[in-house]
Amino acid sequence: MGRGYLHNSQGRIMRIFALIDCNNFYASCERLFRPALKNSPVVVLSNNDGCVIARSQEAKDVGVPMAAPAFKYKDFFLKNNVHVFSSNYALYGDLSQRVASTLYTFTPEMEVYSIDESFLEFPEHKADELLKIGMEIRNKVFKWTGIPVSVGFGPTKTLAKAANRFAKKENRTNGVFSLCKGVDIDELLDKVPVTDVWGIGRRHGKKLIDRQVTTARLFKDLPDLWIKKNMAVTGLHTALELRGTPCFSLEDAPPPKKTISTSRSFGRPVSALPELEESVAAYVSRAAEKLRGQNSLAGGVMVYLTTNRHNTQPQYSNTATRMFPVATDYTPEIISAAIKGIRSIYKEGYKFKKTKVVLLELSHKYNRQANLLELDDKAGKEKKKSLMKLLDTANKRFGRQTLNYASEGISQLWKMNRNFKSPDYTTNWHELPEIK
DNA sequence: TCTGGGGTCCTAGGACCC
DNA sequence: TCTGGGGTCCTAGGACCC
């Protein structure tokens, strides 16, 4: 949890948060290894090559909207010479770590918030040199990783986010902007649409706009009671943060996940149960790997299947949950429970679009609750443990898919499309870039 | 034909107990 | 059998984030 607020007799000490955000991150990553695309429009598609999830500035300029469905924009891409990539998370994850370790050289007071954003916190006495620090951050990250970033400073995380937005949108800021000192915050928040505020999403945004509350400034001046009633305490925290009172601190050691899920849309509609079972087995494998990666055990597994909500064919979706007698991280046991689950909800005659697996009630493996019925089979347990370890090590070293369970299927015809994937330049020996 | 995936938090309301 | 209040626990659904 947080570090609490700092107070002294003179009043609150100003805290200084910085939000560093990689510009058009996935598009920037793809361009790093294709310098020829430096000034060209580039877009990155979601899994399954479904819709646009990242756009270079040039792509924004020619008018590609966020979340544009790729199939509708095929001609548009051709006509405007837009370069299209499938998403390549191995590449983005690796570059993300490089950016994070560069930021860490500025201060250990750091929270990696997402794949392309980090919060830093600086002591109050730095308040007069923030723009200089911001420029140093930008320059160093670009020099060391090739990724352009924007830097926003503010007395709360929410204001640092808003500052970052100015850094990115206004050319004259040179990518660095501060709301900490020497600016009229209210005047600037007048310019921020309420839906751009961190913590206000589409639904609440619409509700606010319907009541003429269109800007961050108008929102933060609403009565607390109204906010609490209509937007719960989370909404109130957002308002307080806009007023300069920190409600969120850095989270330095992200707590282990409480649920772990894996799901993918299929590359084509799937009706046959055996194929659905294969997909479920494959997703369990992946989820169980993540589970062991954070040293957790799962108390249960939920499976989900659904048809394609976007078409007009008959719809069906359902979930099934199976609990384990004793929490486990043993892939075959989870697969078999998940397959029983999918069989119990499967119905013939539908075209399914997606299955999903969620591992539930995670606990740490070292304070595992024993079960009275459990047999004391030490040798068997050791064997399972070393098998899982072997599996994870091999897949990590030689690439996922090195060792698979037969139940995951061999041909995997249901697998998602990734027709425009770039090579794994930085994480796979066979795909290192060549210099001519 | 083709529109992502992986999380967290909060609240209302039902079930159940005394 | 009916009445009422108060408390806890659980779940589904809604909302948000990247």
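See the structure shown above.
Residues numbered from 1 in each chain as written. Chains lettered and ligands numbered in written order. Predicted model: local features only at pLDDT ≥ 70, side-chain atom pairs only at ≥ 80, totals over all residues. Heavy atoms only, no water.

Draft legend 1. Structural detail: the sheet that holds strand β10 (residues 176-178). One open sheet holds the five strands; their spatial order is β7-β8-β3-β9-β10, and the pairing between them is mixed. Looking along the sheet, the strands with just one partner apiece sit at the ends: β7 (110-114) and β10. When the angles between neighbouring strand axes are averaged without regard to direction, this sheet yields 20°. On top of the sheet, helix α5 (residues 130-145) reaches β3 (16-22), β8 (117-122), β9 (149-154) and β10; it is set at about 155° to β9, its chief contact. Against the sheet, helix α6 (residues 157-169) engages β3, β7, β8, β9 and β10, with an angle of about 140° to β9. (Pairing = 2+ DSSP bridges. Helix = DSSP H or I, 4+ residues; strand = E, 2+ residues; numbered from the N terminus. Axes fitted to C-alpha atoms, helices over the stretch in contact; angles between N-to-C directions. Contact = heavy atoms within 4.5 Å.)

Draft legend 2. Representation of the side chain of lysine 157 in the model. Mapping lysine 157 onto the fold places it in helix α6. Only 2.7 Å separates the side chain of lysine 157 from the side chain of glutamate 111, close enough to count as a polar contact. Polar side-chain contacts of lysine 157 include one of 2.9 Å to the backbone oxygen of serine 249. Setting aside anything within four residues of it in sequence, one finds lysine 157 in contact with Phe17, Glu111, Phe119, Trp198, Glu241, Phe248, Ser249 and Leu250. (Polar contact = N/O pair within 3.5 Å; in protein donor to acceptor, adjacent residues only side chain to side chain.)

Draft legend 3. Inspection of the protein's contact with DNA strand C at higher detail. The local shell around DNA strand C holds 13 residues, among which Ser114, Lys161, Gly199, Arg203 and His204 are the closest. Atoms of DNA strand C within 4 Å of the protein belong to the sugar or the phosphate in 100% of instances, the rest to bases. Serine 114 places a polar side-chain atom, nitrogen or oxygen, 2.8 Å from a sugar or linking oxygen of DNA strand C. The separation between a sugar or linking oxygen of DNA strand C and a polar side-chain atom of tryptophan 198 is 3.4 Å. Counting residues per element, the ones that place at least two in the surface near DNA strand C are β7 and α8 (202-210). (Near = heavy atom within 4 Å.)

Draft legend 4. Structural context of the pattern of salt bridges. Tallying each qualifying case throughout the model produces 23 salt bridges. Of the charged contacts in the structure, one is a salt bridge between arginine 165 and aspartate 196, with a shortest N-O distance of 2.7 Å. Here arginine 165 is found in helix α6, whereas its partner aspartate 196 is found in the loop between α7 (185-189) and α8, with 31 residues between them in sequence. Since its relative accessible area comes to 35%, aspartate 196 is described here as partly exposed. One salt-bridge network, held together by shared partners, links Asp186, Asp190, Arg217, Lys220 and Asp221. (Salt bridge = Lys/Arg side-chain N within 4 Å of Asp/Glu carboxyl O. Buried < 20%, exposed > 50% of the residue type's maximum accessible area, 1.4 Å probe, protein only.)

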